[in-house]
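The chain contents come next:
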Amino acid sequence: MKKTGFKKEKISIELIGKQRFWFGVIAGVTTSIAISLIFNRIREIIRFLTSVSEDLLIFEPNELSFFNYFFASLSTVLGLSITIWIWMGSPLHKRKKHKLYKQQIRTNTQLFFWLALFLTAQLGCLFLFLILGEVSNYFDHPINLYKDHALLFILIPIVIFTQNWFLVRRIYKTGKWIFISLIVSTVIVFTLTKTTTVDQNIVNHNYFTKHKLLFSYTEKAISKAEIDYGIKFDNKAITALKRRKSSSSVDQIWNIKHAFSRDQKVSIDTIVIQKILIHNLKARGDYRYHGEARTLTNWDYALPKDILKQINYFKSTSNETKELFEVLKEEILLVNKSKIILDDSKDFSYHPSDKEKNELKANIMLVEQLIEVRDILKNQEKYADLSILLPEIKNHEQSQSNE
């Protein structure tokens with residue numbers, strides 16, 4: 001028995017309509033440019049938002065290049081979806097089923113178009129939430145999309161491209177059109193990558209300028225210690241020092257304090273890092289204690305008595321002793337800059353809560369430790385030269401009078 005069927009026509013400009021063809025091409029290219037611009041600028045907005053209260057999100061060169069090409073590729077195939085959607089809107093139908101098939105093509109291209117935009121927007125919102133949310137205090141890199149899911153980002157543009165043409169092939173013989181569109185799309189991808197990508201150095205420069213003094217002090221302190229003492233700092237330790245909120249930064253603060261509290265010597269690089277942490281106020285914007293008043297466990301730096309204990313472990317002429325005096329100096333300067341009350345009998349114009357009373361007592365305990373340690377060191381002749389580094393400890397009333 002002879003099989004019957006209908007012969008597909010080759011897709012052509014005549015079948016689409018010359019005006020509709022060029023309108024579809026222009027609309028597709030315009031859409032690609034617009035989407036690529038939006039993607040790249042939103043990414044920089046997200047990076048800027050992370051720099052306001054968190055660590056700046058900085059991409060490695062390979063990672064940045066990969067996502068630049070992904071955004072350009074996705075924008076290009078979404079632009080192709082718009083082009084095919086317009087082409088298939090032609091009112092000319094050779095057969096009755098063509099109208100149904102064309103409507104199906106237009107529906108599916110729009111589905112992939114909006115679904116891709118929706119998922120990209122959701123991913124951006126999720127990424128922003130993970131960075132700015134509470135979880136950011138516990139994870140340095142909550143999601144590494146480049147290392148863990150690179151293949152997924154490669155497949156997405158390919159799937160959308162092939163799906164668009166697969167639907168068209170239900171009606172027309174595409175012939176060289178797929179190959180030609182692939183070449184044109186590739187050219188557009190490289191063009192968009194070069195023209196619509198936002199230079200991340202703009203946000204980077206603003207961020208590092210804003211924190212220039214902190215980063216400069218860190219780099220100078222590390223460089224000076226390496227030259228003067230011949231020590232080499234671990235790269236992870238330096239990275240943690242330059243982070244503002246991350247698990248590595250929090251762990252570093254806690255580990256340094258714990259090292260000082262133990263009954264054994266600490267290394268000189270640990271002492272230098274503690275000095276940098278205090279100077280840059282890495283633990284919190286205010287040193288005040290929150291918790292049980294008698295323990296001072298929430299003072300996130302080495303306790304004055306622990307610093308004194310470490311000083312007693314070393315000779316008075318050692319480099320470690322010199323740096324320990326620098327640590328004590330930074331703590332005194334921190335206390336002097338803070339608004340504290342040394343008189344626990346001070347009259348309040350209101351009835352303070354238990355938390356405020358505990359905080360007041362903790363402040364007093366900390367300052368008393370500093371005064372006691374400072375007096376002990378001042379009264380020892382072997383520390384006469386180093387004691388000069390230790391400034392006077394001011395109370396709240398003195399600070400107010402000097403302002």
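Please read all numbers here as calculations on a predicted model, not as lab measurements.

## What to know about the overall build of the chain
Helix and strand counts for the chain come out as 16 helices and two strands. Across the 403 residues in the chain, those meeting the buried criterion constitute 44%. The long-range fraction of contacts in the chain, counting pairs at least 24 apart against all pairs at least 6 apart in sequence, stands at 78%. Roughly 23,300 Å² of accessible area belongs to the chain as shown, and the carbon and sulfur atoms make up 59% of that amount.

## Side note on the confidence of the model for the chain
For the chain, mean pLDDT is 79; residues scoring 70 or higher make up 79% of the total. Counting contacts from residues 285-295, a segment whose pLDDT is below 50, to residues more than four positions away or on other chains yields 30 contacts.

## Digging into the pattern of salt bridges
Inspection of the entire model under this criterion finds seven salt bridges. With a shortest N-O distance of 2.7 Å, Lys224 and Asp228 are connected by a salt bridge. Here Lys224 and its partner Asp228 are both found in helix H8 (residues 212-229), four residues apart, which amounts to about one turn of the helix. The class for Lys224 is partly exposed, based on a relative accessible area of 44%.

## Looking at helix H11 (residues 268-279)
The end-to-end C-alpha distance of H11 is 17 Å, a good match for the 16 Å that 12 residues give at a rise of 1.5 Å each. Summarising burial for H11: 10 of the 12 residues are buried, a large majority. Among the residues of H11, those classed as buried are Ile268, Thr270, Ile271, Val272, Ile273, Gln274, Lys275, Ile276, Leu277 and Ile278. Against the buried residues of H11 lie H8, helix H9 (235-242), helix H10 (247-261) and helix H13 (319-337).

## Comments concerning the packing of aromatic side chains
Under the defined criterion, the tally for this structure stands at 16 aromatic pairs. Considering the side-chain rings of Phe21 and Trp22, the 5.0 Å spacing of their centres and the 80° angle between planes classify their relative orientation as edge-to-face. Residue class for Trp22 comes out partly exposed when judged on its relative accessible area of 46%. Between Trp87 and Trp177, the aromatic rings sit 5.6 Å apart at their centres with planes inclined by 75°, giving edge-to-face as the arrangement. Residue Trp87 is found in helix H3 (residues 61-87), and its partner Trp177 is found in helix H6 (residues 177-195); the two are separated by 90 residues along the sequence. Chaining the aromatic ring pairs together yields one cluster made of Phe39, Phe59, Phe66, Phe67, Phe70, Phe71 and Phe153.

## Digging into a positive patch on the surface
Together, Lys8, Lys10, Arg169, Arg170, Lys173 and Lys176 line one region of the surface with positive charge. Within the secondary structure layout, Lys10 lies in strand S1 (residues 9-10). Residue classification places Lys10 among the exposed positions, given a relative accessible area of 65%.

## Quick notes on a nonpolar patch on the surface
Together, Ile38, Ile42, Ile45, Phe48, Leu49 and Val52 line one region of the surface with nonpolar side chains, adding up to about 530 Å² of accessible area. Along the chain, Leu49 turns up in helix H2 (residues 18-53). With relative accessibility at 33%, the residue Leu49 sits in the partly exposed group.

## Some words on the nonpolar core
With 45 residues, the main nonpolar core has Phe233, Phe260, Ile307 and Leu377 as its most contacted residues. Elements that contribute at least two residues to this core include exactly H8, H9, H10, H11, helix H12 (304-313), H13 and helix H14 (354-378). Counting 34 residues, the second-largest nonpolar core is a separate cluster that includes Ala27, Val77, Leu78 and Ile105.

## Brief notes about H8
With 18 residues, H8 should cover 26 Å at 1.5 Å per step; its first-to-last C-alpha distance of 25 Å lies within 8% of that length. Among the residues making up H8, those that are buried are Phe215, Thr218, Ala221, Ile222, Ala225 and Tyr229. Angular distribution of buried residues about the axis of H8 spans 135°; they occupy a single face of the element. Exposed residues pointing more than 90 degrees away from the buried face of H8 are listed as Lys212, Leu213, Lys220 and Ile227. Looking at the buried residues of H8, the elements they touch are helix H7 (201-210), H9, H11 and H13. The first or second residue beyond H8 is Gly230, which carries a positive phi of 65°.

## Side note on the packing of H12 against H13
Look at H12 against H13: their axes get within 10 Å of each other, and the N-to-C directions meet at 165°. With respect to their mutual orientation, H12 and H13 come out roughly antiparallel. As H12 packs across H13, the resulting crossing turns out to be left-handed. Contact residues: H12 offers Pro304, Ile307, Gln310 and Ile311, while H13 offers Thr321, Leu324, Phe325, Val327, Leu328 and Glu331. When grouped by side-chain class, the residues that make up the contact of H12 with H13 number seven nonpolar, two polar and one charged.

## Focus on the side chain of Lys102
Along the polypeptide, Lys102 turns up in helix H4 (residues 96-132). Relative accessible area serves as the criterion here: at 2%, Lys102 is assigned to the buried category. For Lys102, the side chain forms a polar contact with the side chain of Tyr172, separated by 3.4 Å.

## What to know about the environment of Leu192
Mapped onto the fold, Leu192 is located in helix H6. Residues Leu192 and Ser73 lie 119 residues apart in sequence; the distance between their C-alpha atoms is 8.7 Å.

## Quick look at the packing of H8 against H11
Between two packed helices, both the angle of their axes relative to each other and the distance between the axes serve to describe the pair. Two numbers describe how H8 lies on H11: the axes approach to 10 Å, and their chain directions differ by 160°. In terms of their interaxial angle, H8 and H11 are classed as roughly antiparallel. The two elements H8 and H11 meet at a crossing, and its hand is right-handed. Contacts from Tyr217, Thr218, Ala221, Ile222, Ala225 and Tyr229 of H8 reach H11 at Ile268, Val272, Lys275, Ile276 and His279.

The rules behind the values
Residues numbered from 1 in each chain as written. Predicted model: local features only at pLDDT ≥ 70, side-chain atom pairs only at ≥ 80, totals over all residues. Heavy atoms only, no water. Helix = DSSP H or I, 4+ residues; strand = E, 2+ residues; numbered from the N terminus. Buried < 20%, exposed > 50% of the residue type's maximum accessible area, 1.4 Å probe, protein only. Contact = heavy atoms within 4.5 Å. Areas by Shrake-Rupley, 256 points an atom, 1.4 Å probe, with all protein chains shown as cover. pLDDT = per-residue confidence, 0-100. Salt bridge = Lys/Arg side-chain N within 4 Å of Asp/Glu carboxyl O. Expected span 1.5 Å × (residues − 1). Phe/Tyr/Trp six-rings, centres within 6.5 Å; stacked < 30°, edge-to-face > 60°. Patch = residues over 30% accessible without salt bridge, like charges linked within 9 Å, V, L, I, M, F, W, Y side chains within 5 Å. Lys, Arg positive; Asp, Glu negative; His and termini not counted. Charge placed at Lys NZ, Arg CZ, Asp CG, Glu CD. Core = buried A, V, L, I, M, F, W, Y, C linked by side-chain atoms within 4.5 Å. Arc of directions from axis to C-beta. Axes fitted to C-alpha atoms, helices over the stretch in contact; angles between N-to-C directions. Parallel < 35°, antiparallel > 145°, perpendicular 65-115°, else oblique. Left-handed = near helix turned anticlockwise from the far one by under 90°. Nonpolar A, V, L, I, M, F, W, Y, C, P; charged D, E, K, R; others polar. Polar contact = N/O pair within 3.5 Å; in protein donor to acceptor, adjacent residues only side chain to side chain.

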